[in-house]
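For reference, the chains in residue letters:
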Amino acid sequence: MPDTHFPFPRFILDGKPVDIHADDTILSAALRADLHPTGGGCLCCAGDCPHCLITLDGVSYVRACQTPARPGQQVERHHLHPYPPLPDSQLERAAVTARHLHTDVVVIGLGQAGRKAKQEAEAVGKRVIGLDANAQQEVIGIYEGILVVARTEAGMLHIYADEVVVATGAAEIQPVAAGSDLSGLLTARAATKLARAGIDLGKVVSLGIPPDDLEVAHLEGDLVRFEGTDKLEAVVVSDSSGNQQRVPCDTVTLGLGYYPRDALVRMGHGLNVRAVGDCAQPGDIPPCPTSGVLCPCSGVTVADMEAVWKQGFHELELVKRATLAGTGTCQGSVCLPHIRSFLQARGEVLQAPFTARPMTRQVTIGEVAAGAALQPTPRTALDSEHRKLGATMDRIGGWWRPWNYNGGYGTTWAEYWAVREAVSLGDVSTLGKLSLSGPDALPFLERLYPTQVATIKNGRSRYALLLDERGYVVDDGLIARENDTRFYLTFTSGGSSFAEGWLRDWAESWGLDVRIMNRTQSLGAINVTGPLATHLLQRAGLAKLPAFMRHLETELAGVRCKVFRLSFTGEVSYELHHSVEHSVYLWQTLMALGTDLGIKAHGLEALDMLRLEKGHIIVNKDTDFDSTPRRLQHGWLVNMSKPDFVGKQALSRTDNIPLNKALVGLEVAKEAAPQEGDVIYHGDDYAGYITSATYSPVLGTCVMLAWLYVFAGDLPAAVTVRGHSARRVPTPFYNPEASRARA
Amino acid sequence: MPALKPFTLNRIVALPQALDALPFGNALALRVAPDELFIDTEIPSDSLEDAHAIITRDTSLHGAWLSAGDAADFLIRECRWRLPETRPAFAQGAVAHLPVKLYLETTRVLILVAAVYAAELEPHLLHYKDAA
């Protein structure tokens with residue numbers, strides 16, 4: 001039963017209900033209620049001008065003339081200046097989706113010229129997507145590729161095309177004269193549309209081309225000005241003799257000519273983008289404006305233009321930047337023909353229109369972000385185990401990793417002491433892991449690494465640095481030899497992609513016969529470390545134990561593992577490399593077996609302290625872009641007697657240059673509490689900075705790795721850190737004879 | 001939501017010509033690189049004309065089958081690059097900003113992702129059904 005009190009559906013405008021008639025846009029409904037959206041300015045009803053901008057459901061800069069009126073809409077009006085207020089930041093909005101389409105041709109604008117272009121393309125068998133603003137498919141940008149981005153009611157469209165045809169037609173030229181910011185001004189087409197929508201336009205007069213299907217009093221002569229207070233009351237025209245005539249009216253329709261909607265064409269300059277129809281025409285240039293608002297979006301008047309002209313801004317691009325004319329919502333649709341006319345009248349040259357760049361319209365951040373996502377971060381198979389243990393997880397080295405387990409153990413020191421005095425598990429699945437095989441595997445590695453590889457026997461491993469052609473350290477890890485033609489290489493976490501590319505590039509450029517398989521994501525790895533590590537693994541069934549820096553393949557708790565004996569923490573350590581589907585079982589089994597041994601997991605916070613006590617470097621934390629092995633005091637890893645290796649030529653030169661800085665170990669009292677990045681002083685002189693620092697409970701002091709400059713040919717023995725005296729000491733700080741790691 | 005399950009495949013890195021010569025038959029064979037293949041059948045090492053090939057059993061890929069319709073709906077949102085038109089077809093690239101492998105059949109599509117990214121892909125598949 002219709003509601004006789006409210007026969008029409010309604011939306012809310014400035015807190016008051018407004019009736020919606022059939023096929024109403026928000027503009028036509030508002031005008032029927034005698035409410036001009038921005039308070040004044042010529043309306044085009046075609047999406048070209050800024051005079052119907054509203055805020056709709058919290059989103060500003062919405063064109064009322066292009067938006068269907070629907071019940072329940074919350075509409076707010078604002079004057080063009082100042083800008084509308086920012087939306088309520090508490091508003092929740094659904095994410096905007098993006099759909100990605102591929103086609104041969106996109107036709108933008110499906111009027112007569114656009115429909116013809118679409119048919120012609122389809123006739124030769126091309127796949128064509130047509131878009132039209134009247135169907136709420138608004139193209140906001142054309143990008144290199146070609147990528148056409150459009151906004152629709154269903155979200156964003158990202159269309160990849162080989163060719164774009166722009167058939168967006170021409171806009172009606174709007175008036176620039178005193179009083180052109182009054183309400184009651186309509187373009188000829190707008191008048192026709194609004195009359196058909198049943199809007200009462202009152203007494204209507206027309207200037208220029210009269211509107212279709214509308215009885216109007218036509219005025220001859222040139223426009224002088226509009227008169228009224230907020231609303232139009234009269235229009236003044238002059239004849240060729242300069243005689244002025246004042247004509248009272250409620251509405252004036254203006255048919256002042258047409259200007260191509262060619263922003264998308266200009267945007268597609270250099271791409272396979274072409275214009276057809278009215279937007280391919282040069283367009284009419286109106287008479288030079290003498291007064292009034294020239295750019296309604298930016299509030300630029302003719303007087304402003306005269307001022308910048310006098311200052312010497314004569315080029316269109318410079319005038320745009322000096323005044324902001326053409327940079328607003330309509331992107332020059334209204335003002336560009338008038339600016340060109342103004343400059344031509346003074347400079348005698350009709351300058352080309354300014355460059356157009358995406359986007360043609362304001363878009364919301366949600367629309368810009370449609371289809372975007374945060375950088376994905378991989379997780380190891382043990383991710384859920386860490387979280388169950390109360391780990392604080394963080395993105396480190398490109399992976400989700402446990403920083404500490406304070407949520408479970410209460411303090412990082414619990415993890416630290418488990419490593420130093422009992423047994424602990426660490427998830428090192430993130431290590432880069434590559435298998436290398438081939439008849440040229442050995443010569444390949446000899447040329448790749450600065451260390452001697454031929455002397456690594458089957459079943460043994462060696463720590464090695466990876467250098468670039470300049471002799472700078474880019475990674476480190478293990479070289480493990482399985483047999484005469486097969487090796488297993490490890491790299492830093494986050495370094496496997498670089499390492500794989502590096503190895504493949506060199507193998508190809510040297511023409512060496514090798515196979516390279518990146519197993520970083522295929523293999524899990526668990527570090528078992530602490531004085532009771534061997535005991536724990538024996539409980540898990542490890543019958544044969546590899547000696548220090550050796551490895552073997554065996555079964556542990558029923559899981560096939562490559563077991564490495566090495567040490568990053570300074571205690572007895574094993575790394576168990578295994579197929580990733582067994583990670584959780586292996587971890588849980590070891591944790592269960594070690595319950596009475598005081599087993600705990602350790603995270604990166606504890607690991608950083610432990611390795612630092614041993615003086616182990618971390619590439620990209622302790623190393624810089626120009627860190628040579630000599631500067632790192634790791635020259636023992638370089639064998640310059642090898643015929644060649646990557647970086648050798650550079651090192652043979654730089655090794656003869658006096659050392660200017662080195663990575664050193666420093667010790668300072670606990671009270672200093674040094675931190676990574678702290679500056680080091682030698683007297684009053686800047687002497688370097690700290691790369692890693694920790695308090696060492698076993699040593700009762702703070703230990704650091706730091707870059708230290710050479711003074712008078714030597715590295716200073718004492719420096720100042722945070723106002724405290726620090727002394728240079730050899731590394732490792734803890735158990736330098738490595739008796740605990742080799743036990 | 002289709003559960004992303006581990007796919008146990010044999011992974012081979014070998015000379016390209018050796019992989020070219022392998023008889024795939026009806027096996028699910030994903031040639032991810034000229035020198036690398038994932039395949040769901042056993043490959044006897046003596047059938048591979050490369051004595052230095054690296055052959056491993058690999059469980060690092062997790063995947064799910066979607067119906068062709070669901071896959072089209074998913075990929076139009078999440079895949080910016082052009083998919084092959086022939087069927088069956090193998091394609092790989094960024095989907096939902098993740099490194100994904102696709103095996104496209106006429107009526108269904110297999111979506112494979114490294115297990116390390118499975119948790120990132122799952123939310124994108126919430127609205128679809130298993131078409132295995």
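As shown above, the structure is provided for reference.
Residues numbered from 1 in each chain as written. Chains lettered and ligands numbered in written order. Predicted model: local features only at pLDDT ≥ 70, side-chain atom pairs only at ≥ 80, totals over all residues. Heavy atoms only, no water.

## Quick look at the overall build of chain B
When its secondary structure is counted, chain B shows three helices and seven strands. Reading chain B from its N end, one meets helices and strands in the order β-α-β-β-β-α-β-β-β-α. For a compact globule of 132 residues, the expected C-alpha radius of gyration is about 14 Å, and chain B comes in at 15 Å, within 12% of that figure. Here the C-alpha coordinates of chain B stretch approximately 45 × 30 × 25 Å along the principal axes. Contacts in chain B between residues far apart in sequence, at least 24 positions, make up 60% of those at least 6 positions apart. Summed over all atoms, the accessible surface of chain B reaches about 6,000 Å², with 53% contributed by carbon and sulfur. (Helix = DSSP H or I, 4+ residues; strand = E, 2+ residues; numbered from the N terminus. Rg over C-alpha atoms; globule rule 2.2 N^0.38 Å. Contact = heavy atoms within 4.5 Å. Areas by Shrake-Rupley, 256 points an atom, 1.4 Å probe, with all protein chains shown as cover.)

## Points about empty space enclosed by the protein
Unfilled space is identified by rolling a water-sized probe across the atoms. Residue and element names in this part refer to chain A. A complete count under the given rule lists three cavities of 30 Å³ or more for this structure. By volume, the largest cavity is sized at about 80 Å³. Along the walls of the largest cavity sit Thr38, Leu53, Ile54, Thr55, Tyr61, His78, His79, Leu80 and Pro84, which together make up its complete lining. Counted by class, the lining of the largest cavity contains five nonpolar, four polar and no charged residues. (1 Å grid on protein atoms, 1.4 Å probe; cavity = no way out; pocket = protein on both sides within 12 Å on 5 of 7 lines; lining within 4 Å. Points joined across faces, edges and corners; volume = space filled by probe spheres on them. Nonpolar A, V, L, I, M, F, W, Y, C, P; charged D, E, K, R; others polar.)

## Here we look at a nonpolar patch on the surface
Residues and elements named next belong to chain A. On the surface, Trp413, Trp417, Val698 and Leu699 cluster together into a nonpolar patch covering about 310 Å² of accessible area. For Leu699, the position within the fold is in the loop between strand 38 (685-696) and strand 39 (701-709). Relative accessible area serves as the criterion here: at 33%, Leu699 is assigned to the partly exposed category. (Patch = residues over 30% accessible without salt bridge, like charges linked within 9 Å, V, L, I, M, F, W, Y side chains within 5 Å. Salt bridge = Lys/Arg side-chain N within 4 Å of Asp/Glu carboxyl O. Buried < 20%, exposed > 50% of the residue type's maximum accessible area, 1.4 Å probe, protein only.)

## Considerations on the packing of aromatic side chains
All names here are of chain A. Within the structure shown, the criterion is met by 12 aromatic pairs over all chains. Aromatic pair Tyr472 and Phe625: ring centres 6.5 Å apart, planes at 80 degrees, arrangement edge-to-face. One end of the pair, Tyr472, is in the loop between strand 27 (461-467) and strand 28 (473-483); the other, Phe625, is in the loop between helix 16 (604-613) and helix 17 (648-654), and 153 residues separate them in sequence. Judged by centre distance (5.8 Å) and plane angle (80 degrees), the rings of Trp502 and Trp506 are edge-to-face. Here Trp502 and its partner Trp506 are both found in helix 13 (residues 496-510), four residues apart, which amounts to about one turn of the helix. Using a relative accessible area of 16% as the deciding quantity, one classes Trp506 as buried. A cation over a ring is seen here: Lys320 above Phe354, with NZ or CZ 4.6 Å from the ring centre. A cation over an aromatic ring shows up here: Arg387 above the ring of Trp400, its NZ or CZ 5.6 Å from the ring centre. (Phe/Tyr/Trp six-rings, centres within 6.5 Å; stacked < 30°, edge-to-face > 60°. Lys NZ or Arg CZ within 6 Å of the ring centre and 35° of its normal.)

## Observations regarding the interface of chain A and chain B
Contacts between the two partners involve 37 residues from chain A and, on the opposite side, 31 residues from chain B. When chain A packs against chain B, the two sides together hide about 2,900 Å² of surface, and 51% of this comes from carbon and sulfur. Of all residues in chain A, A:His100, A:Arg515 and A:Met517 bury the most surface against chain B, accounting for 23% of the area lost on that side. Counting the contacts that link chain A with chain B gives 19 residue pairs in polar contact (both at pLDDT 80 or more). Those elements giving two or more residues to the side of chain A that touches chain B turn out to be strand 6 (98-108), strand 10 (155-166), strand 24 (399-404), strand 26 (432-437) and strand 30 (515-518) of chain A. (Buried area = accessible area lost by both parts, 1.4 Å probe. Polar contact = N/O pair within 3.5 Å; in protein donor to acceptor, adjacent residues only side chain to side chain.)

## Side note on the sheet that holds strand 26 of chain A
Residue and element names in this part refer to chain A. Judged by pairing direction, the sheet is antiparallel, and its five strands sit side by side in the order 27-28-29-26-30 without closing on themselves. For this open sheet the edge positions go to strand 27 and strand 30, each flanked by a neighbour on one side alone. Neighbouring strand axes in the sheet, compared pairwise and without regard to direction, differ in orientation by 25 degrees on average. Pairing of strand 28 with strand 29 (residues 486-491), which is carried by four bridges, proceeds in the antiparallel orientation. In the strand pairing of strand 29, Ile479 is matched with Leu489. (Pairing = 2+ DSSP bridges. Axes fitted to C-alpha atoms, helices over the stretch in contact; angles between N-to-C directions.)

## Details of the pattern of salt bridges
Residue and element names in this part refer to chain A. Summed over all chains, the structure comprises 53 salt bridges over all chains. Between Glu153 and Arg70 there is a salt bridge, and its shortest N-O distance comes to 3.2 Å. Highlighted residues: Glu153 in the loop between strand 9 (147-152) and strand 10 and Arg70 in the loop between strand 4 (59-63) and strand 5 (74-77), separated in sequence by 83 residues. Take Glu153: its relative accessible area is 56%, and that puts it in the exposed class. For Arg70, a relative accessible area of 40% corresponds to the partly exposed category.

## Examining the packing of helix 12 (residues 441-448) of chain A against helix 13 of chain A
All names here are of chain A. Close contact between helix 12 and helix 13 brings their axes to 11 Å; oriented N to C, the two are set at 110 degrees. Comparing their axes, helix 13 and helix 12 come out roughly perpendicular. Classified by chirality, the crossing of helix 13 by helix 12 is right-handed. Judged by residue contacts, Phe444, Arg447 and Leu448 of helix 12 engage Trp502, Leu503, Trp506, Ala507 and Trp510 from helix 13. Its residues assigned to classes, the contact of helix 12 with helix 13 shows seven nonpolar, no polar and one charged. (Parallel < 35°, antiparallel > 145°, perpendicular 65-115°, else oblique. Left-handed = near helix turned anticlockwise from the far one by under 90°.)

## Describing the sheet that holds strand 35 (residues 600-601) of chain A
Note on sheets: strands pair through backbone hydrogen bonds, and any given pair is parallel or antiparallel. All names here are of chain A. Read from one edge to the other, the open sheet built from six strands follows the order 32-33-34-31-25-35, with strand pairing classed as mixed. Each of the sheet's edge strands pairs with one partner strand only, and the pair in question is strand 32 (551-556) and strand 35. As paired elements, strand 33 (residues 559-566) and strand 34 (residues 573-579) share six bridges and run antiparallel to each other. Counterpart to Lys562 in the pairing with strand 34 is His577.

## Describing the side chain of A:Glu385
Structurally, A:Glu385 is set in helix 9 (residues 383-388). If we ignore the near neighbours within four places in the chain, the residues touching A:Glu385 are A:Val584, A:Trp587 and A:Gln588.

## Here we look at the pairing of strand 3 (residues 53-56) of chain A
Residue and element names in this part refer to chain A. Where burial is concerned, the two faces of strand 3 agree: the one with Leu53 and Thr55 and the one with Ile54 and Leu56 are both buried. With three bridges connecting them, strand 3 and strand 4 associate as antiparallel partners. Residue pairing in the sheet places Leu53 in a bridge with Arg63 of strand 4. What sits between strand 3 and strand 4 in their antiparallel hairpin is a turn of two residues, with Asp57 showing a positive phi close to 50 degrees.

## As for the nonpolar core
Residue and element names in this part refer to chain A. One finds Leu425, Val528, Leu576, Leu586 and Leu590 to be the most contacted residues of the largest nonpolar core, which totals 30 residues. Elements supplying a minimum of two residues to this core: strand 31 (523-529), helix 14 (533-539), strand 32, strand 33, strand 34 and helix 15 (583-593). Here the element with the most residues in this core is helix 15; it accounts for four residues. Setting aside residues no more than four positions away along its own chain, Val528 makes contact with Val423, Ser424, Leu425, Ala533, Leu536, Leu537, Val572, Ser573, Tyr574, Leu576 and Leu590. (Core = buried A, V, L, I, M, F, W, Y, C linked by side-chain atoms within 4.5 Å.)

## Description of unusual backbone geometry
Excluding glycine, residues mostly have negative phi values, and the peptide bonds linking residues are mostly trans. In this structure, the amide linkage connecting A:Gly145 to the following residue, A:Ile146, adopts the cis form with an omega of 15 degrees. Mapped onto the secondary structure, A:Ile146 falls in the loop between strand 8 (137-143) and strand 9. Put simply, B:Arg87 and B:Pro88 share a cis peptide bond, and its omega is -5 degrees. Along the polypeptide, B:Pro88 turns up in the loop between helix 2 (68-78) and strand 5 (89-95).

## Some words on the environment of A:Leu256
Residues and elements named next belong to chain A. Locating Leu256 in the fold gives a position in the loop between strand 18 (251-255) and strand 19 (258-260). Considering only alpha carbons, one finds Leu256 and Thr187, 69 residues apart in sequence, at a separation of 8.3 Å. Among residues more than four places away in sequence, those in contact with Leu256 are Ile173, Gln174 and Pro175.

## Section: the layout of surface pockets
Residue and element names in this part refer to chain A. Estimated volume of the second largest pocket: approximately 1,500 Å³. Forming the walls of the second largest pocket are 42 residues, and the residues nearest its centre are Val59, Val62, Arg151, Thr364 and Glu367. Those elements giving two or more residues to the lining of the second largest pocket turn out to be strand 4, strand 8, strand 9, strand 10 and helix 8 (365-369). Ranked by residues supplied to the lining of the second largest pocket, first place goes to strand 4 with five residues. Looking at the lining of the second largest pocket residue by residue, the class counts come to 18 nonpolar, 14 polar and 10 charged.

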